[in-house]
Amino acid sequence: MAIQQSHPWAAYVGRRLVRFLLSLALLVTATFGMVHVIPGDPVRASLGVTASPELIAARTHALGLDLPLWEQYGRHVAGLFTGELGESLVSGLPVAQTIADRLPYTALLALVAFAVVMLTAIPVGMALAAWTRGGRRRGLELVFTGVSGFLAVVPEFLLAVALIVVFAVTLELLPVADVTGAMGPEHYVLPALALALGPAAALGRIVRVEALGVLSSDYMRTARAKRLPARLVYLRHALPNLLTGALTIGGLLISGLIAGSVLVENVFAWPGLGDALVEAIKAKDYPVVQGVVLVYGAAVLLVNLLVDVALGRLDPRSTIRED
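Residues numbered from 1 in each chain as written. Predicted model: local features only at pLDDT ≥ 70, side-chain atom pairs only at ≥ 80, totals over all residues. Heavy atoms only, no water.

J.: An account of the packing of helix α8 (residues 156-170) against helix α9 (residues 189-215) is needed here, citing residue identities and associated values.
T.: It is at 9 Å that the axes of α8 and α9 come closest, and there the two elements cross at 135°. If you check the angle between α8 and α9, you find them oblique. Crossing of α8 against α9: the hand is right-handed. Of the residues in α9, those touching α8 at Glu156, Leu159, Ala160, Leu163, Phe167 and Ala168 are Leu190, Leu193, Ala194, Leu195, Leu197 and Gly198. When its residues are assigned to classes, the contact of α8 with α9 shows 10 nonpolar, 1 polar and 1 charged. (Axes fitted to C-alpha atoms, helices over the stretch in contact; angles between N-to-C directions. Helix = DSSP H or I, 4+ residues; strand = E, 2+ residues; numbered from the N terminus. Parallel < 35°, antiparallel > 145°, perpendicular 65-115°, else oblique. Left-handed = near helix turned anticlockwise from the far one by under 90°. Contact = heavy atoms within 4.5 Å. Nonpolar A, V, L, I, M, F, W, Y, C, P; charged D, E, K, R; others polar.)

J.: I'd like a rundown of a nonpolar patch on the surface, residues and numbers included.
T.: Taken together, the side chains of Val161, Val165, Val166, Leu171 and Leu173 define a hydrophobic patch exposed on the protein surface, amounting to about 420 Å² of accessible area. Along the polypeptide, leucine 173 turns up in the loop between α8 and α9. Residue class for leucine 173 comes out exposed when judged on its relative accessible area of 58%. (Patch = residues over 30% accessible without salt bridge, like charges linked within 9 Å, V, L, I, M, F, W, Y side chains within 5 Å. Areas by Shrake-Rupley, 256 points an atom, 1.4 Å probe, with all protein chains shown as cover. Salt bridge = Lys/Arg side-chain N within 4 Å of Asp/Glu carboxyl O. Buried < 20%, exposed > 50% of the residue type's maximum accessible area, 1.4 Å probe, protein only.)

J.: Tell me about the confidence of the model for the protein, and please be specific about residues and values.
T.: Caution applies to low-pLDDT parts of the model: their predicted coordinates are not meant to be read in detail. Mean pLDDT for the protein: 80, with 85% of residues reaching 70 or above. By mean pLDDT, the top-scoring element of the protein is α8 (91), and the lowest-scoring one is helix α1 (residues 2-6) (47). Low pLDDT, under 50, characterises residues 1-6; the predicted model gives this stretch 5 contacts beyond four residues in sequence or across chains. (pLDDT = per-residue confidence, 0-100.)

J.: Got a sec to walk through helix α6 (residues 95-132)? Specific residues and values, please.
T.: The terminal C-alpha atoms of α6, which comprises 38 residues, lie 53 Å apart, in line with the 56 Å expected from a rise of 1.5 Å per residue. Maximal helix bending in α6 amounts to about 35°, located at arginine 102; proline proline 104 follows within four positions. Downstream of α6 by one or two residues, glycine 134 has phi in the positive range, about 75°. (Expected span 1.5 Å × (residues − 1). Bend = angle between axes of the 7 residues up to and from the residue.)

J.: Report on α9, specifying residues and quantitative values.
T.: Helix length check: α9, at 27 residues, gives a terminal C-alpha distance of 34 Å against a target of 39 Å (1.5 Å per residue), a shortfall beyond 12%. Along α9, the helix axis deviates most sharply at alanine 196, where the bend reaches about 35°; the proline proline 199 sits within four residues downstream.

J.: If you had to explain the side chain of serine 148 to someone new, which residues and values would you point to?
T.: For serine 148, the position within the fold is in helix α7 (residues 138-153). With a relative accessible area of 4%, serine 148 lands in the buried category. Among all residues touching serine 148, those that are not within four sequence positions of it are Ala201 and Arg205.

J.: Can you lay out the environment of leucine 158 for me, pointing to particular residues and giving the numbers?
T.: Of note, leucine 158 is situated in helix α8. When its relative accessible area of 44% is taken as the criterion, leucine 158 is described as partly exposed. Considering only alpha carbons, one finds leucine 158 and leucine 263, 105 residues apart in sequence, at a separation of 9.7 Å.

J.: Provide a residue-level description of the nonpolar core, including the pertinent values.
T.: Within the largest apolar cluster, 32 residues are counted, with the highest numbers of intra-cluster contacts made by Val117, Leu203 and Phe268. Those elements giving two or more residues to this core turn out to be α6, α8, α9 and α11 (230-267). Ranked by residues supplied to this core, first place goes to α9 with 11 residues. Of all hydrophobic cores here, the second largest spans 14 residues; its members include Ile258, Leu273, Val278 and Val288. (Core = buried A, V, L, I, M, F, W, Y, C linked by side-chain atoms within 4.5 Å.)

Structure, rendered in structure tokens:
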């Protein structure tokens, strides 16, 4: 109690770190149990019905699936610290190598999509709040609400298909995928838009509502009464009060972008973790599925931790101890 009262920031970070480690432990346990709760023999399912019993027994022994459950779990946890995530049942390559080869593509795509979301939603939300404040321009408000609401609920993979039809097939302006593996900037446009349009629309609606409250506050009326330039009114007085909420929602959006990238990557044949996950599921390559799901889950937990810490730094009220 004394430590929490004298060092609220340290106590806040400590609580978030403990929650992160507990969630990570549950994630590791869940990914380990995933192989064991799937009906049937994963080795036989991956090798096919024509595989001989000797081959199945040899592969089962090589994967350590014939060991007691507690020993398998211990090896699973120990492998996480050494980077040993097992081998693919299909290719025989280490799972860690597959993840290392594919992770940069997924991470960069998610970062580009997140940048598009933040650089689009915040300015558009603030602009719409300024233009529609006080009941003005009702038609513009209705159009924005309708379009943003539609984009926010459409699944990413449907947006991906629509973007391909319009910009790649009909207009022939942008490529869908590069089978040679040479990914240029133009190859990021459609996948990033497919991931970003829905979250940007949702965040834009939230920013507009928050901005309407900020613009009607007393200190904003005072700033306008002083006849300050519009640039200072919106950037110096309004924007800082919107960043806390935008950062909170933005952290959730990153988690959504990471999860949504699975199907989007498959639509665009993107050489990332999402495409590898779908391929592994179809091939019943459970070690790869296990490793990729673990990376996705750990990434979501880490992003939530970083957002909580950043939010606590920007808004000291967040460091108050929860009752």
